[in-house]
Amino acid sequence: MDRVSSFDEPLKKLLGGATAKVMAEHLDLHTVGDLLHHYPRRYEERGRLTALADLPLDEHVTVVAQVADARILMFNNGRGKRLEVTLTDGSGRLQLVFFGHGVHKPHKELLPGRQAMFAGKVSVFNRKMQLAHPTYQLLDVSDADEASEAVDAFAGRLLPIYPACKQLDSWRIAKAVDAVLPSAQDAVDPLPASLREGRGFTPLPEALLKAHRPQTKADIEDARARLKWDEAFVLQVALARRRYADTQLPAVARRPTPDGLLDAFDAKLPFTLTEGQEKVSKEIFDDLATEHPMHRLLQGEVGSGKTMVALRAMLTVVDAGGQAAMLAPTEVLAQQHHRSITEMMGELAEGGMLGGSDRGTRVVLLTGSMGMAARRQALLDLVTGEAGIVIGTHALIEDKVQFHDLGLVVVDEQHRFGVEQRDALRSKGKQPPHLLVMTATPIPRTVAMTVFGDLETSVLDQLPAGRSPIASHVVPAKDKPHFLSRAWERVAEEVENGHQAYVVCPRIGDDAEEAEGKGATKAKAKKAAPDEDPEKRPPLAVLEIADELRKGALAGLSVEVLHGRMHPDEKDDVMRRFAAGDVDVLVATTVIEVGVNVPNATAMVIMDADRFGVSQLHQLRGRVGRGSAPGLCLLVSEAHEASPARARLSAVAATLDGFELSRIDLEQRREGDVLGQAQSGVRSSLRMLTVIDDEEVIAAAREEAVAVVAADPELEHLPELRTVLAALLDKDREEYLDKG
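Residues numbered from 1 in each chain as written. Predicted model: local features only at pLDDT ≥ 70, side-chain atom pairs only at ≥ 80, totals over all residues. Heavy atoms only, no water.

Chemist: If you had to explain the side chain of Asp319 to someone new, which residues and values would you point to?
Modeler: Here Asp319 shows up in helix α13 (residues 306-319). Given a relative accessible area of 16%, Asp319 falls into the buried group. Beyond its immediate chain neighbours, meaning those up to four positions away, Asp319 contacts Pro256, Thr257, Gly260, Leu261 and Leu262. (Helix = DSSP H or I, 4+ residues; strand = E, 2+ residues; numbered from the N terminus. Buried < 20%, exposed > 50% of the residue type's maximum accessible area, 1.4 Å probe, protein only. Contact = heavy atoms within 4.5 Å.)

Right under this line is the structure:
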């Protein structure tokens, strides 16, 4: 069945080229259907009628009054124009003001003696009450009853306020919606009739009318309830079909071999696994033993032992004759994983042939900066199957990399890795390999996808024994500079007690990055936090802060730097020396955000902390307190006490619970486009639904969707639902979901 045509009608046919062009370019609205799904963000009440004598300041009011006089005044040496209109209603006087291009129409219409209704926000200018740029409606009716009806209709109406842009204000969008509103009758209803009737929902055309032109507040509630359900349900059906399709794909079942590599590894572990690790391992082993690909997200607190769980899954696959690949977002992290995994495995990482009797296997590293000879050997070990485990960066995805039998892909830190990259690696298996995605903090899109359930989820929320608590404090550097001096004293005290510290900065700071082109100042401005004035100053830099500390507060200590533009060998050398205790203080960018493990590091100072996201701060903080001594994290900020940035920092300081923080993060940032990449700036497919507030709607919609797809995977008996899905899941989004 084709989608009903009036919904597909291009806007330029109905609205004229100029308006349609702005809508397409700035609001991503192209068809009548797009515009009808562009819902008001909120509704203003024009307010009951108020006498001019009783006007309240700073409130939206509606008044009926007569124009006493109107005059145009010039200012700014004749370059600026202002229309001032004086109103009277017998009880008092009020001034209206219109500026710039906005003066022409009211100048023609608001002639002395005319009566009209005016709505706007009351302000004071030169000690006089005024309305700036009010909306108005002329009352040219001879019949007094008719006039009073018009007044009531105007004053009592709920005014929809649309998400707008500089080129097109809400008022003009409302006019455009009026032009296409009759097409709401042709809306294709995605909900199966039984579901719609069972839950007593308003029919879709009526819901669209109520959303755009509500008569009462109850209309708005009615429309919202219905439209939220549509979004949740259609999305859930898309995800349920995705999951169903995955269960139809073939994969090789990988079961652990008794007395194999996994048993040998477990036998030499110097500690027992936590209950959580045991439980999650079992969930993963059960998935690996099935003949369709595992699709699991492993969420765990910073330091909850995810790598151990992932390694045991990889060993199981090697036991079963396959290979496992672990994908890390940076070279530093890939090297770190390789080092810690080979250390944990000991002689088991030095095996000969895959599946040979000596139970060991080979663990190889593959990164972009490796020398040719080492790289050639690693590639050879992979293609012959000598290497059971490979750890690498996106260098693993290149065409030349071939596997003997890829059985499992583990992706570390999902939010650093594009879906396309993950998919490219998965396509290297003879059959789709199993997939395990690990993330230390559920970031907004992951939380969204978890609520929506595209991946099966395992959660590690216990910290292994021996981890210490971390105390976090905000250091207001601008209001209380002595707090910052005290912070450096605390760092020196930690070093004196035999420990080490990190100092994190948002920027590297040699001129290379600022001089990379004409966009330097733009780049700086972009980096500023959303609630900062980007022009104030560039973010603090590693090289400058390290220099200051060596000369000042931390003189006499060994202070080194680490950042992404250093040569990999140099980075590795600094990290090794820091891990060995030869460096007291490491001043770094966020390259230390994930995976860096130095149990002796107990303090962290994060400079310009308000320039980092909530999840990122939590990740960074997780680098301290990894040993038996308690950790300390100081969040240094110049943000104003009442700013959203400071509120964010206080939230991070107040809790160590990553899941709680991810909710705060999500509330502040919203979920991006759940079906598209959060970073791509694609218009969100969620217009009414917010993941954080509507979990119940989503959960209920998920249940219904799973039942619908189980009964009719191809939706053969639900052509309307199929039509709406096709419209929502354009090709790009469908592929994105495919790779999810």
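So that's the structure; there's more coming.
Chemist: Please give an account of the packing of helix α12 (residues 275-288) against α13 that cites residues and values.
Modeler: Put simply, α12 and α13 touch, their axes get as near as 10 Å, and they point 30° apart. Like other packed secondary-structure pairs, α12 and α13 cross with a definite hand, here right-handed. Here α12 contributes Gln277, Val280, Ser281, Ile284, Phe285 and Leu288 to the contact with α13, which in turn contributes Met308, Val309, Arg312, Ala313, Thr316 and Val317. In the contact of α12 with α13, the residues fall into eight nonpolar, three polar and one charged. (Axes fitted to C-alpha atoms, helices over the stretch in contact; angles between N-to-C directions. Left-handed = near helix turned anticlockwise from the far one by under 90°. Nonpolar A, V, L, I, M, F, W, Y, C, P; charged D, E, K, R; others polar.)

Chemist: Quick one: what's the story with the pattern of salt bridges, residue by residue and with numbers?
Modeler: Enumeration over the complete set of coordinates arrives at 34 salt bridges. Between Arg241 and Glu714 there is a salt bridge whose closest N-O contact spans 3.9 Å. In this pair, Arg241 sits in helix α10 (residues 217-248) while Glu714 sits in the loop between α26 (695-711) and α27 (719-728), placing the two residues 473 residues apart along the sequence. Arg241 gets classed as partly exposed once you look at its relative accessible area, which sits at 26%. For Glu714, a relative accessible area of 48% gives the class partly exposed. Among the ionic pairs, Glu493 bridges to Arg490, the shortest N-O distance being 3.1 Å. Linking Glu493 with Arg490, this pair stays in helix α18 (residues 481-496), spanning three residues, or about one helical turn. Overlapping salt bridges, with partners in common, bring together Arg486, Glu489, Arg490, Glu493 and Glu494 in one network. (Salt bridge = Lys/Arg side-chain N within 4 Å of Asp/Glu carboxyl O.)

Chemist: Which residues make up the nonpolar core, and what values go with them?
Modeler: Of all hydrophobic cores here, the largest spans 39 residues; its most connected members are Met314, Met345, Ile389 and Leu408. Considering every element that reaches this core, the biggest residue donor is α13, with nine residues. Those residues in contact with Met314 that lie beyond four places of it in its chain are Ala324, Met326, Ile341, Ile389, Leu408 and Val410. In this structure, Tyr43, Val180, Leu208 and Leu227 belong to the second largest nonpolar core, which totals 33 residues. (Core = buried A, V, L, I, M, F, W, Y, C linked by side-chain atoms within 4.5 Å.)

Chemist: Break down the packing of aromatic side chains for me, citing the residues and quoting the values.
Modeler: Taken as a whole and assessed by the stated rule, the structure comprises six aromatic pairs. Here the aromatic rings of Phe118 and Tyr136 are separated by 6.1 Å at their centres, their planes lie at 40°, and the arrangement is tilted. Within this pair, whereas Phe118 is found in strand β5 (residues 115-125), its partner Tyr136 is found in strand β7 (residues 135-138), the two being separated by 18 residues in sequence. Exposure remark for Phe118: the relative accessible area of 0% places this residue in the buried category. Note on Tyr136: relative accessible area 16%, which makes it buried. The interplanar angle of 50° and the centroid separation of 5.6 Å between the aromatic rings of Phe201 and Trp229 together place this pair among those described as tilted. (Phe/Tyr/Trp six-rings, centres within 6.5 Å; stacked < 30°, edge-to-face > 60°.)

Chemist: An account of α26 is needed here, citing residue identities and associated values.
Modeler: Spanning 17 residues, α26 covers 24 Å between terminal C-alpha atoms, matching the ideal 24 Å at 1.5 Å per step. All of the buried residues in α26 are Val697, Ile698, Ala701, Ala705, Val708 and Val709. The arc that holds the buried residues of α26, viewed along the axis, is 90°, so those residues lie on one side. For α26, the exposed residues lying more than 90 degrees away from the buried face are Glu696, Glu703, Ala710 and Ala711. (Expected span 1.5 Å × (residues − 1). Arc of directions from axis to C-beta.)

As far as function goes, none of this settles anything; it's purely spatial.
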